[in-house]
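Structure assessment
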Amino acid sequence: AAYTCIKAISKKKEETIEANREQFLKGAIDEGLPATRARDLWEMIVKFAGYGFNKSHSTAYALVAYQTAWLKSHYPVEFMAALLTGDLPSRNFSKKDALVEHMEDCQRMEITVVPPDVNRSGVKFVVAENRIHFALSAIKGCGETAMTALVAERDAQGPFRDLFDFCERLDSSACSRSSIEALIKAGAMDQFGATRAQLVAGLDRALQAGATAQADRRSGQLNLFGVSDDDEEQAIAAKVALPDVPEMPEKDLLAAEREVLGFYLTSHPLQQHADQLGKFASHTTARLAGVGDRQKVTLGGMISSLKYSNVKRVKEPGSPTRYVMFDLDDLDGAVRCILWPTEFATEGDKIRPDAIVLLHGVLDRRGGDEANLVVNRVIDLADAESVMTSGMAVRIDHARHGPDTIRHVHEILRGYPGARRLEFRLLLEDGMVVQMKSNRMKIDINQQLCQRLEEHLGAGCVEMLN
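On a predicted model such as this, the values are computed, not experimentally measured, just so you know.

**Considering the sheet that holds strand β3 (residues 131–133)**
One open sheet holds the 3 strands; their spatial order is β1-β3-β2, and the pairing between them is mixed. For this open sheet the edge positions go to β1 (113–114) and β2 (126–128), each flanked by a neighbour on one side alone. Across 3 bridges, β2 lies against β3 in antiparallel orientation. If you follow Val126 over to β3, its bridge partner there is His133. Lying over the sheet, helix α5 (residues 76–86) contacts β2 and β3, oriented at roughly 20° with respect to β3.

Structure below.
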């Protein structure tokens, strides 16, 4: 009725509007909405339809919005599976893409996404037992054609028993060595009962055995004499024996997962450092949205995607020219960072792939909504305790904050006793800034404290003291 009303208003059909008004009100009241609320909602619809621009465009969007909202509400698992499948053609493994964001949405919605498995996953994202099974074609290097052949063979002949059985049944022209290695890195063959290091080490032998078996089948070659059951069992045991090699270090396992999936599946390499990062970082990448341009922040995470270059113009002859751009990944996402030549000359040696660091810098939003971090100091996480901030300054603006602000801030601060110094920056009505140091109160600086202060005072109210 609401959709019909918007359409009717755009065409100025008064009789249709009135008829749908009665239908809308009756339906809303039958659904339990109070009559006054139903009438208010109807008036909002009428008001919007009278000026919504472009009306025909708005009508189409209203219908699509209603359909998608209804599907997400009543069939959330199926809806998210379809949404994830729609992201497959635009996968970007070098940075966080839409598929990874929708995976995080699934986590927030408490929808389980089952890791990839060559014996259970589909070519695309599929739903089974109210869970989403990760799409095989979402793995880097595993194209839709190859994964369609894999699923067709599995459906026709049953689950794959092991790596050798997999390589015998799938022709290398259909599923290449690089695709199989990507499946191993993604954990899609973990159910074979071997470590990923063993699977990678035994892959060439399995491919060779598979090629021989396929050639024998094509030529119709059979063993005329046959073999006994014991001999057959020994042959199978010899065939499936994988090299006895130790599993890869967890760091390498996680790096391989991210390489082929675009995200960390088993765990995050920063998880074990979460408490320490939270103690020293003033923000996470997820909380940068509320921080304005040129605001100071401290972020903690792992360095990736380094790109070195040189500036074309220098202020003075002999000035440093080399700089580096890189991503800082934390548990919530990533932010692009830049270390300009002056800072690179003193801090550049700390910028290494996979290094876990804390970065002091200012946000740069001049390029649009997406923020970059201009770094002025780099601290290895291992050195954070000895060289990190000695205290915190809290900024209070007379024009923005009411008379009860100090009392509320005091209540927050007293919940975090510690050994760090506390200062205040009071911005008065005439523009003067008064700096005050607390002699009685010492605090423990952590991310939770910074977050609570910013929720009460607003973004940019907290500054770390060196």
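**Considering helix α11 (residues 203–219)**
Relative to the 24 Å expected for 17 residues at 1.5 Å per residue, α11 spans 24 Å between its end C-alpha atoms, a close match to the ideal helical length. Listed as buried for α11 are Leu203, Ala206, Gly210, Ala213 and Gln214. Here the buried residues of α11 occupy an arc of 100° about the axis, which is enough to place them on one side. Counted as exposed and oriented over 90 degrees from the buried face of α11: Gln208 and Ser219. Contacts made by the buried residues of α11 are with α8 (163–169), α9 (177–185) and α10 (196–201). Positive phi shows up at Gly220, right after α11, with a value of about 75°.

**Observations concerning the packing of aromatic side chains**
Applying the stated criterion across every chain, the model contains 7 aromatic pairs. Here the aromatic residues Phe125, Phe134 and Phe263 are joined through ring pairs into a cluster of three or more.

**With respect to the side chain of Asp329**
With respect to the secondary-structure elements, Asp329 resides in strand β5 (residues 322–329). Accessibility expressed as a relative area gives 3% for Asp329, which makes it buried. When near neighbours in sequence (up to four residues on either side) are disregarded, Asp329 contacts Arg258, Leu270, Gly300, Gly301, Met302, Ser304 and Ala334.

**As for the sheet that holds β5**
One closed barrel holds the 5 strands; their spatial order is β4-β5-β6-β8-β7, and the pairing between them is mixed. The average undirected angle you get between the axes of adjacent strands in this sheet is 55°. The pairing of β5 with strand β6 (residues 334–339) spans 6 bridges and is antiparallel. Bridge pairing in β6 places Asp327 opposite Arg336.

**Let's talk about the environment of Val374**
Structurally, the position occupied by Val374 is in strand β8 (residues 372–380). Between the C-alpha atom of Val374 and that of Gly361, which follows or precedes it by 13 residues, the distance is 5.3 Å. Setting aside anything within four residues of it in sequence, one finds Val374 in contact with Ile338, Trp340, His360, Gly361, Val362 and Asp364.

**Here's the deal with the pairing of strand β4 (residues 296–310)**
Sheet topology places β4 next to strand β7 (residues 356–364); 7 bridges connect them, and they run antiparallel. Each residue of the ladder has a partner; that of Gly301, found in β7, is Val357. Of the strand pairs in this sheet, β4 and β5 are connected by 7 bridges, and their pairing is antiparallel. What sits directly across from Tyr308, in β5, is Val324.

**What to know about unusual backbone geometry**
Within the chain, Asn130 stands out as a residue other than glycine whose phi angle is a positive 60°. Take Asn130: its relative accessible area is 56%, and that puts it in the exposed class. For Asp354, which is not a glycine, the phi torsion comes out positive at approximately 70°. By relative accessible area, Asp354 is classed as partly exposed at 38%.

**As for the confidence of the model for the protein chain**
Should the pLDDT be low somewhere, the predicted coordinates at that spot are not to be read in detail. Chain-level statistics for the protein chain give a pLDDT mean of 85 and a share of 89% at 70 or above. The secondary-structure element of the protein chain with the lowest mean pLDDT is helix α12 (residues 229–240), recorded at 47, while β3 shows the highest, at 97. A low-confidence stretch, residues 223–238 stays under pLDDT 50, and its non-local contacts, those more than four residues away or across chains, total 2 contacts.

Analysis parameters
- Residues numbered from 1 in each chain as written.
- Predicted model: local features only at pLDDT ≥ 70, side-chain atom pairs only at ≥ 80, totals over all residues.
- Heavy atoms only, no water.
- Pairing = 2+ DSSP bridges.
- Helix = DSSP H or I, 4+ residues; strand = E, 2+ residues; numbered from the N terminus.
- Contact = heavy atoms within 4.5 Å.
- Axes fitted to C-alpha atoms, helices over the stretch in contact; angles between N-to-C directions.
- Expected span 1.5 Å × (residues − 1).
- Buried < 20%, exposed > 50% of the residue type's maximum accessible area, 1.4 Å probe, protein only.
- Arc of directions from axis to C-beta.
- Phe/Tyr/Trp six-rings, centres within 6.5 Å; stacked < 30°, edge-to-face > 60°.
- pLDDT = per-residue confidence, 0-100.

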